[in-house]
Structures are given as C-alpha cells and as structure tokens.
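Secondary and tertiary structure notes
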Amino acid sequence: MNFVSTRDSNVRNHFKNAVFHGLAPDGGLFIPENIPVLKAHLQNKADDIHYLGYEMMRLMIDDIPSDALQEIINKTLTFKIPLIHLEANTYLLEVFHGPTLAFKDVGARFMANVMEYYLKSKNDSVTILVATSGDTGSAIANAFHNKENINIYIFYPSEKVTHLQEQQMTTLGGNIHAVEVQGTFDDCQKIVKSALMDNDLSRRINLTTANSINVARLLPQMIYHVWGLQQLKAYSDICPVLSVPSGNFGNLVSAVYAKKLGFGIEHFIAATNANNIVPDYLKTGNFEPRPSIKTYSNAMDVGNPSNFERLLCAYNDNLDAMRSDISGISISDEDTLAEIRRVYDETGYILDPHTAVGVAASSRADVNSDTPVIVTATAHPAKFPEVIRRAINIEPEIPERLQVAVAGKKQSIVIAAEYEQAKDLLE
Ligand SMILES: *Cc1c(COP(=O)(O)O)cnc(C)c1O
C-alpha cells in the first residue's frame with residue numbers, strides 16, 4: 001500500500017519512505033492511501049494481540065516480510081493492555097504498562113523496531129528529531145536508546161515538563177541528546193518542522209522525526225483500540241463510545257482508523273483540557289490554532305494539533321460527517337482535579353490527570369446509559385505525583401522502572417527558541 005500526503009494524494013510513498021521522511025515533501029502528513037476493511041473472520045478470531053496486530057499491520061505495511069513484521073509486533077507489545085471496568089458503563093483501557101508508563105510506548109517501540117529493521121538491512125544511519133511536551137520524549141528516548149546507527153535529539157520546553165518526565169529524557173545519555181528549549185512546546189514543534197523542511201540541512205544529514213506525525217507511530221495505535229473492543233465483549237455486545245484524551249490527536253486518529261477497518265465503534269469523544277481548539281472547531285467550523293496553555297494534563301497542552309490534517313482527511317473535509325462521529329469536550333483543570341477526587345472516593349481507583357479528562361468528558365457527553373464507554377487510560381498516575389497530591393493528598397507509588405530514572409544525572413543542551421541555534425547544534 002502507498003502512503004499519500006494529507007495535502008496531495010498524488011504524493012505517494014512506500015511505508016519505508018514515509019517512515020524515514022516523517023513529513024511529506026509538500027509539508028503534509030503521510031496517511032494510508034486507503035484503509036481496507038479487515039475480513040470478518042479475523043475479527044472473530046482476534047483473542048491474541050500479537051496475531052491481531054499482525055493482521056492489522058499487514059493490511060497496510062507490505063514492504064516488510066511476514067516473519068519480520070510479526071517479530072516487530074511481538075517485540076513492541078511486551079506488556080499487558082487490560083480493559084478495566086471502572087464504574088457503571090465506564091471502562092478504562094490501560095495502555096500505560098510499558099517502560100515509560102504512557103501509551104506512547106506502543107508507537108515509539110513499534111517505530112524503533114521498524115527503523116532498526118530497515119537500517120540493518122541497508123547499513124545506513126539516521127538522525128531523529130522529536131518535539132515533546134513531556135511524554136513523547138521519554139517514550140522515544142526509552143524506545144531508541146542504544147539502537148545502532150540512530151541518533152536522537154529531543155526538543156522539550158524548559159521548565160514546562162514534570163521533573164520525572166525530564167529525568168526520563170535526560171539521564172540515558174549515549175545516542176539520546178536532550179535539548180532544553182527556552183520557549184513553549186509549539187516553539188519546539190516549529191523548530192523540528194523547520195529542520196525537516198530545510199533542504200540545505202537534509203542534504204548533509206539523514207533527518208526524520210518521531211513525533212506522532214510519523215505514520216509508524218500512528219498505525220500500531222490502532223491495535224490497542226481494537227484490543228479494547230475485543231476485551232469489552234466479555235461485558236457487553238453493544239458498540240461502545242471511545243473517549244480519547246487528546247493533544248496532538250494522533251491517538252484519536254488511530255481510533256478513527258480502527259473504525260474504518262470495520263470494527264464496531266458507536267461514537268468518539270475528543271476529550272481535551274483548556275487547549276480546546278478541536279472542540280471549538282466542531283462547534284464553529286473554524287480551525288483556529290492558538291498558543292498552548294499550561295494545564296495539569298501537560299502532555300495535552302497543544303495549541304496547534306498536528307494530526308488535525310489527518311482527522312480532516314479521514315472525513316473528506318466534511319464537517320457534518322465529523323460532527324456525527326466525534327463530540328469535542330473540553331475539561332478545565334479544576335474539573336480534572338474534581339474528577340480524580342470523585343473517582344478515587346467512589347471506586348478507590350487513581351486516575352492520572354489525562355485519563356481524568358477523558359472520564360470527565362464522557363460523563364458530560366450525551367451517551368445512552370446502556371452504551372459502554374471505553375476511556376483510553378493514557379498514563380500511569382505515578383507520572384504526575386504533584387497533581388495527584390493536589391487532588392487527593394496521596395503520594396502515588398512510583399514503580400521501580402521510574403525510580404531508576406529519578407536517580408540518574410540530568411544532561412541537557414540549553415538553547416533559545418530559535419531555529420538557527422537548533423541548526424548549529426545539529427550540524
Ligand atoms: C501524548 C499524550 C496524550 C495526547 O495524545 P495525542 O495523540 O497527542 O492526542 C494524552 N495523554 C498522555 C498521557 C499523553 O502522553
């Protein structure tokens with residue numbers, strides 16, 4: 001299958017090229033040329049996530065041999081992704097049991113394994129740029145650490161990520177370089193986009209990105225959405241609503257693709273914090289990016305969501321079609337805290353602030369009480385101890401794999417929010 005640009009369906013590439021270029025040459029994002037419907041018999045046999053994942057990826061990735069693709073999936077999904085019944089009709093799909101305790105481990109590990117596969121067969125090297133508001137950086141650093149022939153530069157906004165997130169990105173060393181930008185996440189994203197569009201630079205260095213704009217991160221995220229649907233069958237036959245805590249909207253686009261594959265999903269909730277650009281778009285029909293606002297769910301502090309282009313393409317630029325499939329709901333910091341508190345009091349479960357946005361949004365959406373709602377639980381609460389303390393005055397227990405990062409020594413390169421400084425650094 002070919003991958004085309006969101007801005008021009010005549011810009012075609014094989015999966016490999018789409019992965020290594022990151023951004024399409026016209027500045028658009030790569031998307032699958034079409035999304036085939038997965039055959040019905042597969043949908044019924046899908047009780048093994050590795051088998052299911054292989055069948056789904058096989059539909060779109062045809063330039064990796066079967067056994068290699070199966071091995072990439074097995075090496076990526078080495079942790080459980082359970083569906084938990086939280087309360088009433090609400091379920092949580094816990095996609096946070098990977099090494100850095102957030103759902104981004106899935107996409108990051110898949111991409112790292114895919115790149116490793118392609119580079120090994122050609123004895124080539126690559127430099128990967130990442131802009132992060134927190135969780136992407138740690139997932140990428142962990143997934144690519146010590147992968148041969150791959151250099152990683154992580155651009156993060158100085159003092160706008162949590163201590164834990166910063167430690168996870170800055171303590172690995174080796175091929176992982178952490179760049180502390182004196183600006184916002186949007187500045188970091190702008191720097192990465194400028195570098196990728198800089199022909200002068202890319203002639204000398206083999207550059208790409210590992211942001212959620214990379215299609216190698218987007219595709220495997222479909223697997224866990226479908227895995228959640230499979231597990232729901234133990235509780236209900238009714239097609240669920242999916243509530244997806246969103247920032248750059250990669251996670252939601254993957255869920256929309258899962259529906260296109262033919263899996264039964266009733267409706268989507270695009271749950272955001274105060275950065276409500278997409279909920280506003282669904283209301284007004286105007287897409288108006290704004291500078292990002294700092295919130296408790298900081299991995300969703302995005303003022304110009306890069307996957308919006310993909311969302312538009314998925315609905316053929318048809319606002320009414322998008323509206324009939326997606327409701328946008330924005331949750332304030334205050335309501336996020338209140339939701340963490342309410343759920344803890346009523347169930348004993350501790351939600352991380354991002355998942356809390358998803359749960360709060362689902363209770364405000366117009367959902368029939370018989371219809372199950374699956375909220376993507378995007379991070380483990382221990383990643384956000386300050387917010388949890390504020391909400392319920394409890395210190396969430398830090399799992400062992402995070403304690404290792406806490407103890408490490410920070411190494412970062414500080415630059416101003418200017419592309420020229422980033423360029424000097426890369427050269
Ligand atoms: C990145 C992230 C999100 C937002 O995901 P997008 O795909 O960017 O919309 C939500 N929650 C957590 C914990 C994240 O790390």
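Here the structure is shown first, and the text comes after it.
Residues numbered from 1 in each chain as written. Predicted model: local features only at pLDDT ≥ 70, side-chain atom pairs only at ≥ 80, totals over all residues. Heavy atoms only, no water.

Focus on the packing of helix H4 (residues 66-76) against helix H5 (residues 104-122)
Where we set the bar: For helices, the fitted line uses only the C-alpha atoms of the stretch in contact; every axis is such a line through C-alpha atoms, and the angle between N-to-C directions lies from 0 to 180 degrees. Labels follow the DSSP assignment, with helices taken as runs of H or I lasting at least four residues and strands as runs of E lasting at least two, numbered in each case from the N terminus. We call a crossing left-handed when the near helix sits turned anticlockwise from the far one by less than a right angle, and right-handed when that turn is clockwise. The contact criterion used throughout is that any non-hydrogen atoms of two residues lie within 4.5 Å.
Contact geometry for H4 and H5: axes closest at 9 Å, N-to-C directions at 145 degrees. For H4 against H5, the interelement crossing comes out right-handed. Of the residues in H5, those in contact with Ala68, Ile72, Ile73, Lys75 and Thr76 of H4 are Val106, Arg109, Phe110, Asn113, Val114, Glu116 and Tyr117.

Description of the site of the ligand
Worth spelling out the cut-off: By convention in this text, a residue qualifies as near a molecule or strand provided that one of its non-hydrogen atoms is within 4 Å of it. Whenever a nitrogen or oxygen atom comes within 3.5 Å of another N or O atom, the pair is scored as a polar contact, on the condition that within protein one atom can donate a hydrogen and the other can accept it, and that pairs from neighbouring residues in sequence are kept only if both atoms are in side chains. Using the Shrake-Rupley algorithm and a 1.4 Å probe, accessible areas are obtained, with residue cover drawn only from the displayed protein chains. Amino acids outside the nonpolar list (Ala, Val, Leu, Ile, Met, Phe, Trp, Tyr, Cys, Pro) and the charged list (Asp, Glu, Lys, Arg) are all regarded as polar, and Gly is one of them.
Around the ligand, the surrounding shell holds 15 residues, and the nearest of these are Lys104, Asp135, Gly247, Asn248 and Phe249. Between the ligand and Phe249 there is a distance of 2.8 Å, counted from an oxygen atom to a backbone nitrogen or oxygen. For the ligand, an oxygen atom lies 2.9 Å from a polar atom in the backbone of Asn251. When the ligand sits alone it has 380 Å² of accessible area, and the protein chains cover 97% of it. Taken together, the residues of the shell around the ligand sort by class into six nonpolar, seven polar and two charged.

Points about the nonpolar core
Keep this limit in mind: Nine residue types can take part in a nonpolar core, namely buried Ala, Val, Leu, Ile, Met, Phe, Trp, Tyr and Cys, and a core is a set of them joined through side-chain atoms within 4.5 Å. Whether a residue is buried, partly exposed or exposed follows from its accessible area with a 1.4 Å probe, protein chains only, as a fraction of its type maximum: under 20%, in between, or over 50%, in that order.
Residues Phe15, Met57, Ile81, Phe144 and Ile326 are the most contacted members of the largest nonpolar core, which totals 97 residues. Among the elements that line this core, the one with the most residues is H5, at nine residues. Filtering out sequence-adjacent residues up to four positions away, Met57 remains in contact with Leu69, Ile73, Phe110, Leu219, Pro220, Met222 and Ile223.

A look at the pairing of strand S13 (residues 373-377)
This is how the line gets drawn: A pair of strands is labelled paired if DSSP reports no fewer than 2 bridges between them.
Across the five residues of S13, five count as buried, placing the element largely inside the fold. Burial of S13 is two-sided: the residues Val373, Val375 and Ala377 facing one way and the residues Ile374 and Thr376 facing the other way are all buried. One ladder, built from five bridges, connects strand S5 (residues 90-94) with S13; its direction is parallel. Within S13, the position partnered with Leu93 by the bridge is Thr376. Inspection of the sheet shows strand S10 (residues 241-245) paired to S13 by three bridges, in the parallel sense. Within S13, the residue paired with Leu242 across the bridge is Ile374.

Section: the pattern of salt bridges
Going by this rule: Definition used for salt bridges: Asp or Glu carboxyl oxygen within 4 Å of a side-chain nitrogen of Lys or Arg.
Inspection of the entire model under this criterion finds 19 salt bridges. When the shortest N-O distance is used, the salt bridge between Arg204 and Asp200 registers 3.0 Å. Placement of both Arg204 and Asp200 in helix H9 (residues 199-204) is noted, with a separation of four residues, approximately one turn of the helix. Between Asp280 and Arg290 there is a salt bridge, and its shortest N-O distance comes to 3.3 Å. One end of the pair, Asp280, is in helix H13 (residues 277-284); the other, Arg290, is in the loop between H13 and helix H14 (308-314), and ten residues separate them in sequence. For Arg290, a relative accessible area of 31% translates into the label partly exposed.

Shape is all these values report; function is a separate question.
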